[in-house]
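Inside the fold
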Amino acid sequence: MMTLLSSPPSVLSSPQRRCHLLLLLYLPDQTVTPEILARLNGVDDTKALQDIADTADEIQRYHRLRLITQQDGSYRIEGAPLDKRLCLLHWLRRALRLCPHFVQQHFTPALKTRLKQQGILTALYDEKNLQALISLCARRLQRQFDARDVQFLTLFLQYCLHQHHAGITPEFSEQQRAWTQIRPEFMAALEIARHWKRRVRQSANENEQLFLALLFQLLRMPDPLRDNHQQDLRLRSAIAEMIARFRDQAGMSFSDEQGLSDQLYIHLAQALDRCQFGIGIDNSLPEEITRLYPRLMRATRAALTGFESHFAMRFSDEEVGLVAVIFGAWLMQENDLHEKQVLLLTGNNTELEQKIERQLRELTLLPLNIKHLTLHSYQQEGAPKEVVLVITPYSTTLPLYSPPLIHVELPLGEHQQQQIRQIIER
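Model, not experiment: these values are computed from the prediction. (Residues numbered from 1 in each chain as written. Predicted model: local features only at pLDDT ≥ 70, side-chain atom pairs only at ≥ 80, totals over all residues. Heavy atoms only, no water.)

1. Observations regarding the sheet that holds strand β6 (residues 405–407)
Across the sheet, four strands lie side by side as β4-β3-β5-β6; this open sheet has parallel pairing. With one partner strand each, in any of the chains shown, β4 (368–374) and β6 form the two edges of the open sheet. Strand-to-strand twist in this sheet, taken as the mean axis angle between neighbours without regard to direction, amounts to 25°. Where strand β3 (residues 340–346) lies against β4, seven bridges are found, and the strand directions are parallel. Pairing of Val-342 across the sheet is with Ile-370, part of β4. Against the sheet, helix α17 (residues 350–362) contacts β3, β4 and β5 (387–392), and its axis sits at roughly 155° relative to β4. (Pairing = 2+ DSSP bridges. Helix = DSSP H or I, 4+ residues; strand = E, 2+ residues; numbered from the N terminus. Axes fitted to C-alpha atoms, helices over the stretch in contact; angles between N-to-C directions. Contact = heavy atoms within 4.5 Å.)

Here you go:
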C-alpha cells in the first residue's frame, strides 16, 4: 500500500483535492478513507467528506459510476470497466494540468510498483518503448501529440496494461464496436496490441485494441479542413442537411454556412463520441436555455432529429443545448447583433408578468436580455440607455425620453407580435 505522509495546512484548490482523491481510488491496493484523504490534502474531516461527496456526484453524473462505502469505512468505485477507464481518462488528464506533482510523486511510482509485482515483462511498460509506440501511432494517424499528451498516454497505457493483466477488460456493445472499428484509430491501436500480444490473452485482445482506438479517438481534435476519412465526410454531409432543416424551421438563413458548418463539425464529431459511449457533460445548461430561448431550443431539437436518425443515436438535452448555443451565436453574428435589452415594467401581478416574459421569449430565436423595473422607478428614472423596447401590461405615463413602449394584453395579438419582433430583430 502506498505510504501517505502528513501534509501542512492545505493550499490546494477543491479541483486539486478531488483529483488526488480520484487518483487514489484508481491505485491498486490503495485504501482510501476520509482520514487518509484529510491528512493527504491537509484539510479537516468535514472538508474531506465534502470532497468525497462532490467527487461521487461528478463521476455519477458524467460516467455512471458510484462511490461505494465498504464495511471498513474505505471507498471504492463501482461500475462497468469501460466507464471506469473513461472516467480515469478524464481525471488523469485533469490531474496532469492541476496537480502534476502528485501524479509524478504518488500515482506513477505506485502504478510502476504494481506492474512489477504482477510480473509483467518490463519491456511492455518501459516508458521509452511506450513513447516509441505512441510516436508510431501518431505517424499512422498523421497527428502530433504534445509533451503533456505523450506523458498522459504513457501513464494511461501502463494503467491499461495493469488492468488487463488483472483480467479487467472493457466490454463494448455491438454498436460501440462497429463505431470504433471503422475509424483509422482502430488500425493505429493495432501497433500497441501487437506489442502487448505476448502477455495479453488473445481472447480479450480485440477489446483492448478497441479501447486503445477509442483512447486515440477521444484525444483527437477534429479539423474540418484536413479530416477526410469516410466517417468525416459522412458527418459533413449530415451537418449540411441539419443546417438546411434548421433554416426551414427558423425561417432565418446564414450567409456564412461554411463557417457555421465548420464549428458544428468540430463540436459534433466529439459529441457523437460522447453520446456513443455515455460520457456526460454539464447538466445545468439545457434548463437555462429552454427557459431563456425556448424557440431556439425547439428549432434545434427539430433540426437534429434527422441527424440523430442518420447516426442511430439520440442526443441528451445537455448536448442539444450546446448545439442550440452554436446556432444562436451564428444567428447573432449573421445580423451583427448583440443580446437585445428589453425592459418589462412590473407592478402587482407577478404571474401575469411571468407569462408575458415567456411569450416575449417565444417570439424570436435571438437571445433576449429581459430586465425588470417597477413602474414607479421607470417614471422617476426612465429606461437604461441600452434598452431597445419597453413592455408593460400596466397603464403608465411616458417619461421625457424613452425607447418605444408597447402596452400588451395576453395573449399577444398578431400585430403586436410582428411589431415587437421587428424592433428586437432589426
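2. Thoughts on the domain arrangement of the protein
Here the protein is described as being made up of domain 1 (119–218), domain 2 (230–332) and domain 3 (341–425). The straight-line distance from the C-alpha centre of domain 1 to that of domain 2 is 31 Å. Between domain 1 and domain 2, the contact holds ten residues from the first and ten residues from the second. Surface buried jointly by domain 1 and domain 2 totals about 960 Å² across both partners, of which 59% is contributed by carbon and sulfur atoms. Taken together, the connections running from domain 1 to domain 2 amount to one salt bridge. Between Arg-183 and Asp-232 there is a salt bridge, with the nearest N and O atoms lying 3.0 Å from each other. The interface formed by domain 1 and domain 2 includes five residue pairs in polar contact (both at pLDDT 80 or more). For the side of domain 1 that touches domain 2, the secondary-structure elements that each account for two or more residues are α9 (174–181) and α11 (202–219). (Domains from an automatic or database assignment. Buried area = accessible area lost by both parts, 1.4 Å probe. Salt bridge = Lys/Arg side-chain N within 4 Å of Asp/Glu carboxyl O. Polar contact = N/O pair within 3.5 Å; in protein donor to acceptor, adjacent residues only side chain to side chain.)

3. Some remarks on the packing of helix α2 (residues 34–41) against helix α3 (residues 45–63)
Their axes nearest at 9 Å, the elements α2 and α3 cross at an angle of 105°. Here α2 is positioned roughly perpendicular relative to α3, judged by the angle of their axes. Contacts between α2 and α3 involve Pro-34, Leu-37 and Ala-38 from the former and Asp-45, Ala-48, Leu-49 and Ile-52 from the latter. For the contact of α2 with α3, a count of residues per class yields six nonpolar, no polar and one charged. (Parallel < 35°, antiparallel > 145°, perpendicular 65-115°, else oblique. Nonpolar A, V, L, I, M, F, W, Y, C, P; charged D, E, K, R; others polar.)

4. A look at helix α5 (residues 100–117)
Look at α5: 25 Å from first C-alpha to last across 18 residues, which is about the 26 Å you get at 1.5 Å a residue. At Phe-107, α5 is bent by approximately 30°, the largest bend along its length, and proline Pro-109 sits one to four residues beyond. Of the positions making up α5, those classed as buried are Phe-102, Val-103, Phe-107, Thr-108, Ala-110, Leu-111 and Leu-115. Here the buried face of α5 lies against α1 (14–26), α2, α4 (81–98), α6 (122–125) and α8 (147–165). With its phi angle positive at about 75°, Gly-119 sits one or two positions after the end of α5. (Expected span 1.5 Å × (residues − 1). Bend = angle between axes of the 7 residues up to and from the residue. Buried < 20%, exposed > 50% of the residue type's maximum accessible area, 1.4 Å probe, protein only.)

5. Some remarks on the environment of Trp-91
Residue position: Trp-91 is located in helix α4. We classify Trp-91 as buried; its relative accessible area is 1%. Linking Trp-91 and Cys-19, residues 72 residues apart in sequence, is a C-alpha distance of 6.6 Å. If sequence neighbours within four positions are ignored, Trp-91 has contacts with Arg-18, Cys-19, Leu-22, Thr-55, Glu-58 and Ile-59.

6. Comments concerning the nonpolar core
Counting 110 residues, the largest nonpolar core has Phe-246, Leu-264, Leu-268, Phe-307 and Phe-327 as its most contacted members. Both domains that furnish three or more residues to this core are identified here as domain 1 (119–218) and domain 2 (230–332). Beyond its immediate stretch of four places on either side in the chain, Leu-264 contacts Ile-239, Met-242, Ile-243, Ala-269, Val-323, Ile-326 and Phe-327. Of all hydrophobic cores here, the second largest spans 15 residues; its members include Val-342, Ile-391, Leu-412 and Ile-423. (Core = buried A, V, L, I, M, F, W, Y, C linked by side-chain atoms within 4.5 Å.)

7. A word on unusual backbone geometry
Of the consecutive residues Leu-410 and Pro-411, the connecting peptide bond is found in the cis state with omega at -5°. Within the secondary structure layout, Pro-411 lies in the loop between β6 and α19 (414–425). A positive phi angle, near 60°, is found at Arg-64, a position not held by glycine. Along the polypeptide, Arg-64 turns up in the loop between α3 and β1 (66–69). Overall, the relative accessible area of 49% leaves Arg-64 in the partly exposed class. Within the chain, Gln-142 stands out as a residue other than glycine whose phi angle is a positive 55°.

8. A closer look at the pattern of salt bridges
Here the structure, examined in full by the defined rule, presents 30 salt bridges. The shortest N-O distance in the salt bridge between Glu-127 and Lys-112 comes to 2.7 Å. Taken together, the positions of Glu-127 in helix α7 (residues 127–140) and Lys-112 in helix α5 put the pair 15 residues apart, joining distant regions of the chain. Overall, Glu-127 belongs to the partly exposed group, its relative accessible area being 31%. You can call Lys-112 partly exposed: its relative accessible area is 29%. For Arg-291, the salt bridge goes to Glu-288, with nearest N and O atoms at 3.2 Å. With a gap of three residues between them, Arg-291 and Glu-288 both fall in helix α14 (residues 285–292), about one helical turn apart.

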